[in-house]
Structures are given as C-alpha cells and as structure tokens.
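What follows is the residue order along each chain.
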Amino acid sequence: MNIFKNNIFIFFVLIIGLSMNVNSAEGTTFKNLKPGFSFEGPFGKFDKESLKRGYQVYSEVCSSCHGMKQLSFRNLSQPGGPEFPTEMVKEIASGYSITDGFNEYGEPLERSMLPSDRFPKPYGSKEEAKGANNGAYPPDLSLIVKARLDGYNYLYSLLKGYEEEIPEDMDIGDLSYNPWYPGGAIAMYQPLYEDSVEYEDGTPATVDQMSYDVANFLTWAAEPTMEERKRLGFIVMGFLIIFVILMYLSVSRLFRDVH
Amino acid sequence: MNHDYQYTPKNGFSKWLDKRLPLMRFADENLLSFPTPKNLNYFYTFGFILTMCLVTQIITGIVLAMHYVPNTSLAFDSIEHIMRDVNYGWLIRYMHSNGASMFFLAVFIHMFRGLYYGSYKEPREIIWILGVVIFLLMIITGFMGYVLPWGQMSFWGATVITNLVATIPVIGEPVLTLLLGGYSVDNPTLNRFFSLHYLLPFVIFGVVILHIWALHVTGNNNPTGIEVKDSKDTISFHPYYTVKDLFSYVVFLLMFCYFIFYNPNILGHPDNYIEADPMLTPAHIVPEWYLLPFYAILRAVPDKLMGVLLMFGSIIVLFFLPWLDTMKVKSARYRPLYKIFFLLFVIFCLLLGYLGAKPPEGIYLLLSRVSTIYYFAFFLVIMPILSRIEKPLPMPIGISNPAINNNSDSSGGVSGSPSYAMDSK
Ligand code: HEM
C-alpha cells in the first residue's frame, strides 16, 4: 500500500486522468488534421502576420454570413493580437457605418464606425440570417474555437475539407459534403477557393493558407488574453515551484525529530 | 484532551482582552497549540485545502458578481465581458470555474480518506454527518453556478435536472414550478439560481465552522485509527501541521494553476461557449464531471422516479455510515477484508464517473447497473456483514508504541494503548 500513501503520485494520476477530457465521447466524423500552430504549448504565441491575414479572410469572406459580436475594432490593435497600428484600425472601422441615435427631427442617424464599435453584424436578426441561408443559421464566430472540441484543428480541417465526391450511400440534397462536419452534410457552401482573397502581404492565397490563417485568427478572437494568460502562468508556476521546494525542506526538517 | 497546556496572555493588552473577549486564547487553543496526532499523513491535509478552496470560491465569486448580469439576454455576454474587458477578469473567472472542479476533487479525496480510516465512527459521527451536509450543499451550489453563464449546457443541464423533481408524486409539479419560477427554465430561474448561488457558499461556511468545532471536541482520527492516549501521541498543530498543510496546499495549487493557466477549458464542456438556445437541444447533455457518478446512477434504472430516489439515496446513505459499519477497529490498515472491498468501491465510483459521460445503452448501461448495485451493496450489505465476521489484524498498542497489543480482538484500538511509529510523512 505504499503507493496509496503517496499523494504526489495520486496527484499526477489525477492530472492525467482529468486532462483526458471526460467529454471526449463525441468525435467528428474524421480525425482532425493537425497542421501545428504557433500558439500551442505552454509558451505559445500568436503569429501576428498570420492573424492579420486571418482577419483579412474573415472580413472579406466569412463576414458576409457570420458575425463576431464579442469583438470590437479596437481589439485588433490590442497587445497579444494582430496588433494593427491604431491609425489603421481607425481606417478599417471607418469603412463601415452604423445607425446610432437620432437627429433633431427624430430620424435615425447614420455614422461611420469607430474603433470602440463592435464588428458589424451581417444580418439584422437570426430569422433574416436563416432566410438568407436556406434555413441554416451561420453561427457567430467569436467563440467558435472554444465551442468545438479541439476547436482550431477542427476549423482548419473543416474549411479545407470540402469534397466533390459524395459517398454513394449518402443523400445530402442541397447541402455540401464535408467529412469533417458531424454527419457529413453541411449547409455552408465551400467558402474558400484558391485566391478568394488577395493577401496584402503577398502570401499566395491557397485554400490551405487561408484556412490556416483564419483558424489562427478565430483562435485569438475566442480568447484575446491567451498570451497574457500563458505569460502570467509561467511567473506564477515558477514562483510556486520555488515555494514548494522550500516548503518541502521545511516539512522534512520539522518532522525529522518526530518519531 | 488538552493536557496540561494553558494559554497565558503575555502583555498588558492581551491580558485586558483575554478577560473581555478571549479571542487570542481561542486562536491559540484551536490553531496553534491544538494537540494533533503525530502520525497524520498527507490525506489529512485536505481539510485545510478544502478551506482554502472555499475561501477562493467566495472571493473570486464576489468579484465575478460585480460584473455578472443575471438576465437571460445579457448573462452570456456579461461573462465574455469579464473574460475580455475586465482587468484580469479571465483569471478570476478561470479561477472560479476551475476552482469548483478542484474543490470537488479535494472533497472526494477527503471523503475517501474518511472511509478508509474509519473517521466516521464513534466519537466522530457528527463531524461526518456535517461533512455530508457540506457535500450536499456543494453539489447544489455547483449545479446552480453552472447555470449562470447561460450556455447550452447550463440551460439544458438545468432543464434535465430540475425536471427530475417533477417525477416526485403529488408535490413534484408545484415544487418544480416554485424552483423554476415558471413552467420552464427561464429568466426567473436564472435570477433565483444566482441569488441562491451567492447565498449557499456562506451557508457552507457556517457548516464548515460547526464541522471544525466538532473536530476540535473529539480531536483528529489518525491512520492507525487508535485514539490518542496521552501527550506522547501528539504534536502541536503549529508549526507541525500548519507547515505540512501549507506544503500540501502548494502542491495542490501547482495542479490548480496548471488548469487555470494552461488548460482552463478542458474540464468544461465546449457547448457551454454556445449561448443557451431553448429551441436547440444538444446531441448529448452531460453535467459537470464531478456530478457524473450521480448522473450514471440516475440513468442506471429504467424507472425515472426510482432513478431519482437512487441518486439522492446515494448521498443520503452516507448519513447512516456510523451505524452501518459497527466494527470497532477504525482503520482499514488493520482490516484486510474491508481494504479490498474499499478499493473495489473506489474503482466502481471512478467507473460510475466514466459511465456518466457515456450514453446509457449496451455495455455502458450494464456496467452502470453493476456499479450502482455495488455502490449500495458496499454500504448496506458489505459493511454490516464485515462488521460481524471480519477478523482484524493484530494492532499496535498505541500511536507511539509499535509493540503489538496481544489481547487485541475486535475491540482493538479502543481499549488498547499508545502506538506505532509514523507511517508516512
Ligand atoms: C461553494 C463554493 C462555490 C462553488 C462550488 C461555485 C461553483 C460555480 C460554478 C461551477 C460556476 C460556473 C463556472 C463557469 O462555467 O464559468 C460558478 C459561476 C459563478 N459563481 Fe460560483 N461557486 C461558489 C461560490 C460562489 C460565491 C461565493 C459567489 C459570489 C459571491 C459566486 C458567484 C458566481 C458567479 C457570479 C458566477 C457566474 C460567472 C461564471 O460563470 O464564471 N460563486 N460558480
């Protein structure tokens, strides 16, 4: 029963046990592709250039159907994100307009957007969104990476995973075939094709590259504080490790004479 | 128990205070010089860890409540506001949500410890019973807290679990309406859950005080299960156990921080990052991991009411432990048969947790049934029978006297006298 007495051993078993997500019961149809992202791992940081390109893909392609209601333009210049220069964010925001408040005659006022404004919504209501998409609702993308198991790998796989060949035993009607989507039949048409966007930095816009960049961008969007979290974690864990060694020595010393 | 030690106020002020409000005396007797068995192992540090968990939940919870909005159309976004815009809001929120998991992890270890060393036996019945009360309150608090972020699992979990109340004959329906503040989970439900979720931790705090008070009347049990005989068996709480508890807590914190900083969402369900939608049922509705064993018991039986009764029964039965296990020898260390059945019990509990996340069909359902039967049989059949037939191993005379007590029989440990070297530290 020596093992039973050893808490540290039990802690490790529990960490491993708990980390194997209890919810992993549901899987997608296919195993997700893992292209490898720079933000993975305890010291991971976002690739800023990829985030910038990812924003371009989102704003030029996805934003016509998907909103991102948790994000404001100002987030784009925040540390730990794409870090667009403030001036540029002002310019990006001013390209959109919003009705906000009333003039002296009680008529709604339209103005161009500011960095403090949220990303524009593609549709006025959920109903309108469904109406425009054959009854399927394009979900808000601000949290999509956290809302799916293994979110960013899933997203990457989904976006580049559309296939022309539909398995013979499947009848998908108007839907598109994508083996990464649970069930295989998805209401979103393939959104990305070669050169769907023309990257400002000249990177060739392959489907793979765009999928990768937008997955990067949406991971940041789901948790803009990730870099801060890992940075603080390193300091806290470092402190605790030193502390735990000192505490261990204190305990051994104290109990040395207790028999 | 207090031997010959006496608190003596040292300076003018403490003498003055001692005559009016003996606060320092109380602290000294209960926190500093409190005589504690010298052979407590690391399983005995979880009480302190649990206290720290409760304090952490309360402090982070109060800060969250400053920014959280308990309204169905704003709750989800207010959590995201905390995560994105509030300074260190992400930290507070991850501490609170992972803190709940750590709290339950610690309480499970704490309870299994009690089961293994027979800590619920005379004279510690009240300590154990208060512990079960705390556990029940924790479950209710955790369940209500999980509803607050108003994600898909919040909403559907709340719907499934509250609907269980309706299976109770006669009073079920009206109680359900009262609980929900209507006929389905909606804004009134969220409001009352928030109110209760804020209240219950303070109730828990009160019960914790009683729990520790009762502990300080009887003193700690210890891994030998042999009662303390004299001051040779004990050491003062401070510095020995303050330091040992703190060490253990820092190890615990390391694990806690791993989750907060490096894997903060692994213990939650991805669906809870989707805002609640009453028109869209998720593919699988699963509760938080710490409720999975109970969920498995609930679904192990085909009859709904029966399932509900068994689920609650699985906790209620714990109240009766002191009278189900009447064996005088406390610690499993000297009970070879009990030790085996205890280990099986732990395995079946873990299995129930695993099964709670699986659909109740085929092999999973069968295993849930077997585990549920074992769960109850352990308390209701195995314990009473073992109390009668088990022959304990020879026991040491006392905590600081390892010589074997030759006339130890099944009354061993109670009449014996001091004992045994430290078995672990
Ligand atoms: C026994 C102690 C407690 C437990 C076990 C507990 C548990 C929980 C859980 C599981 C959640 C859901 C976390 C999530 O999924 O994000 C939650 C949320 C919350 N709790 Fe607590 N809690 C406790 C104490 C408190 C206290 C004392 C307060 C306030 C004074 C509080 C305020 C809140 C608030 C405002 C939320 C919503 C924010 C959020 O979901 O992150 N909690 N709690």
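Residues numbered from 1 in each chain as written. Chains lettered and ligands numbered in written order. Predicted model: local features only at pLDDT ≥ 70, side-chain atom pairs only at ≥ 80, totals over all residues. Heavy atoms only, no water.

## Quick look at the coordination of the iron atom of the ligand
All names here are of chain B.
So, step 1. Protein coordination of the iron atom of the ligand is provided by His96 (NE2) and His197 (NE2), with donor distances spanning 1.9 to 2.0 Å.
So, step 2. With 6 donor atoms in place around the iron atom of the ligand and angles of 86 to 179 degrees between them, the coordination shape is octahedral. Of this pair, histidine 96 sits in helix H5 (residues 89–117) while histidine 197 sits in helix H9 (residues 187–218); the two residues are 101 residues apart in sequence, bridging distant segments of the chain.
So, step 3. With relative accessibility at 15%, the residue histidine 197 sits in the buried group. (Donors = N, O, S within 2.8 Å, 3.2 Å for Na, K, Ca; no water. Tetrahedral: all angles 85-135°; square planar, octahedral: opposite > 155°, others 65-115°. Helix = DSSP H or I, 4+ residues; strand = E, 2+ residues; numbered from the N terminus. Buried < 20%, exposed > 50% of the residue type's maximum accessible area, 1.4 Å probe, protein only.)

## Brief notes about the interface of chain A and chain B
So, step 1. Contact with chain A, which involves 54 residues of that partner, is made by 63 residues of chain B.
So, step 2. Between chain A and chain B, roughly 5,500 Å² of surface is buried when both sides are summed, and carbon and sulfur atoms account for 71% of that area.
So, step 3. Among the salt bridges present, the one from arginine 74 of chain A reaches aspartate 85 of chain B, with a minimum N-O distance of 3.3 Å.
So, step 4. Remark: the boundary between chain A and chain B carries 14 residue pairs in polar contact (both at pLDDT 80 or more). (Contact = heavy atoms within 4.5 Å. Buried area = accessible area lost by both parts, 1.4 Å probe. Salt bridge = Lys/Arg side-chain N within 4 Å of Asp/Glu carboxyl O. Polar contact = N/O pair within 3.5 Å; in protein donor to acceptor, adjacent residues only side chain to side chain.)

## Quick look at the site of the ligand
All names here are of chain B.
So, step 1. Among the 26 residues in the neighbourhood of the ligand, the closest are listed as Arg93, His96, Gly145, His197 and Tyr198.
So, step 2. The separation between an oxygen atom of the ligand and a polar side-chain atom of arginine 93 is 2.8 Å.
So, step 3. At 2.8 Å, a side-chain N or O of histidine 96 approaches a nitrogen atom of the ligand.
So, step 4. Elements supplying a minimum of two residues to the shell around the ligand: helix H3 (46–67), H5, helix H6 (125–147) and H9.
So, step 5. With 7 residues, H3 is the single largest residue contributor to the shell around the ligand.
So, step 6. Residue classes in the shell around the ligand are distributed as 17 nonpolar, 8 polar and 1 charged. (Near = heavy atom within 4 Å. Nonpolar A, V, L, I, M, F, W, Y, C, P; charged D, E, K, R; others polar.)

## Here we look at the pairing of strand E1 (residues 97–102) of chain A
Residue and element names in this part refer to chain A.
So, step 1. With 4 bridges connecting them, E1 and strand E2 (residues 108–112) associate as antiparallel partners. Residue pairing for E2: phenylalanine 102 is matched across the bridge by proline 108.
So, step 2. Counting the residues between successive antiparallel strands, the hairpin from E1 to E2 contains 5 residues, one of them, glycine 106, with a positive phi of roughly 80 degrees. (Pairing = 2+ DSSP bridges.)

## Details of the domain arrangement of chain B
All names here are of chain B.
So, step 1. For chain B, the domain assignment lists domain 1 (33–282) and domain 2 (286–391).
So, step 2. Look at where the C-alpha atoms of domain 1 and domain 2 centre, and you get two points 21 Å apart.
So, step 3. On the domain 2 side, the residues contacting the 40 residues of domain 1 number 35 residues.
So, step 4. Where domain 1 meets domain 2, there are 2 salt bridges.
So, step 5. Among the salt bridges present, the one from glutamate 227 reaches lysine 330, with a minimum N-O distance of 2.5 Å. (Domains from an automatic or database assignment.)

## Points about the confidence of the model for chain B
All names here are of chain B.
So, step 1. Taken as a whole, chain B shows an average pLDDT of 93; of its residues, 95% reach a score of 70 or greater.
So, step 2. Segment residues 408–425: pLDDT under 50, and 72 contacts once partners within four positions in sequence are set aside and those in other chains are kept.
So, step 3. Across the predicted assembly, pTM comes out at 0.91 and ipTM at 0.90. (pLDDT = per-residue confidence, 0-100.)

## Section: the packing of helix H11 (residues 292–300) of chain B against helix H12 (residues 304–319) of chain B
All names here are of chain B.
So, step 1. Relative orientation of the contacting elements H11 and H12 amounts to 145 degrees, with a least axis distance of 7 Å. In this structure, the crossing between H11 and H12 has a hand that is right-handed. Within the contact between the two elements, H11 uses Phe294, Ile297 and Leu298 and H12 uses Gly307, Val308, Leu310, Met311, Ser314 and Ile315. (Axes fitted to C-alpha atoms, helices over the stretch in contact; angles between N-to-C directions. Left-handed = near helix turned anticlockwise from the far one by under 90°.)

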